[in-house]
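# Chain and residue survey
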Amino acid sequence: MTDLPTFTAADVESQPTIDLASFENDDAVDLGLIAVQVIREQNLSLAVRILLRGDVAFQAKLKKTGAGNDPWLAGKAAVVDRFGEPSLLVKLRHQEAGTPFEERTDVDHELLKAHGGSSPIRVNGEVVGSITTSGEPDVVDHAATAEAVRRYLAGR
């Protein structure tokens, strides 16, 4: 991919996220398979992980991804869990406020990685999990996750 996508906080805020009356393991697998389809269509080297109530409900590692992606998958998902918003949105809000997330001293940056690629999964407004991708530049990770979410919601 030669031209990287660009996003503002407002762009990310306007994108759909999952908030349904229920979301179970079978739903996680359906979403994960859609994400794999997006990754393959776009010829990306991405890992995808869907956490549901603290458990890995779906994971796939495509192309050159591997164990090195695990800390990124976990760190981006931890941002979603803590802040309740897409990981890229957390990053962009900090940047737009002139206070980069990486400069925060009140978070463990080994555990929390405010980089694009993770989006919350909510049930009746409560965050119960996340879908996270890792392996490409973070804006590409975010775009793939957002497309998977969009397709999943369109199919419901």
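To be clear, the structure that these remarks concern was listed above.
Now for a quick tour of the structure.

### Digging into the sheet that holds strand β3 (residues 55–61)
One open sheet holds the 5 strands; their spatial order is β1-β4-β5-β2-β3, and the pairing between them is mixed. Since the sheet does not close on itself, it has two edges, and those belong to β1 (18–20) and β3, each with one partner. When strand polarity is set aside, the average angle formed by the axes of neighbouring strands in this sheet is 15°. In the sheet, strand β2 (residues 47–52) pairs with strand β5 (residues 126–134) via 6 bridges, with the strands oriented antiparallel. When the bridges of β5 are listed, isoleucine 50 appears paired with isoleucine 131.

### A few points about unusual backbone geometry
The phi dihedral of arginine 53 falls on the positive side, at around 55°, and the residue is not glycine. Judged by relative accessible area, which is 48%, arginine 53 ranks as partly exposed. With phi around 55°, lysine 63 is a residue other than glycine that occupies positive phi space. Tracing the sequence through the fold places lysine 63 in the loop between β3 and α3 (70–83).

### A short note on the pairing of β5
In regular strands, side chains alternate between the two faces of the sheet. Across the 9 residues that make up β5, a large majority, 7, are buried. Pairing of strand β4 (residues 118–123) with β5 involves 6 bridges; the strand directions are antiparallel. Note that in β5 the partner of serine 118 across the bridge is threonine 132. Joining the antiparallel neighbours β4 and β5 is a turn of 2 residues, in which asparagine 124 adopts a positive phi near 50°.

### Details of α3
The α-helix advances 3.6 residues per turn, and as a result positions three or four apart in sequence lie on the same side. Between its terminal C-alpha atoms α3 stretches 20 Å, which fits the 20 Å expected from 14 residues at 1.5 Å a residue. Within the sequence span of α3, burial applies to Leu73, Gly75, Lys76, Ala77, Val79 and Val80. Against β2, α4 (87–96), β4, β5 and α5 (138–154) lie the buried residues of α3. Just past α3, the residue glycine 84 takes up positive phi, approximately 70°.

### Structural notes on the side chain of aspartate 141
The topology assignment puts aspartate 141 in helix α5. Each residue touching aspartate 141, except ones within four places of it in the same chain, is listed here: Leu46, Lys76, Gly116, Gly117, Thr133, Ser134, Gly135 and Glu136.

Rules used in this analysis
Counting from 1, residues in each chain are numbered in the order their sequence is written. Per-residue local features are limited, in this predicted model, to residues with pLDDT of at least 70; the limit for side-chain atom pairs, both in listing and counting, is 80 or more; totals at the level of whole chains, interfaces and linings are taken over all residues. As a rule here, side-chain values cover all heavy atoms of the structure and leave hydrogens and water aside. Between any two strands, pairing holds if DSSP finds at least two bridges. Counting from the N terminus, the helices are the DSSP runs of H or I reaching at least four residues and the strands are the DSSP runs of E reaching at least two. Axis definition: a line fitted to C-alpha atoms, over the contacting stretch in the case of helices. Angles run 0 to 180 degrees between N-to-C directions. We call a residue buried when its accessible area falls under 20% of the maximum for its residue type, exposed when it is over 50%, and partly exposed in between, using a 1.4 Å probe and counting protein chains only. In a helix, the anticipated span is given by 1.5 Å times the number of residues less one. Should any heavy atoms of two residues lie within 4.5 Å, those residues are counted as being in contact.

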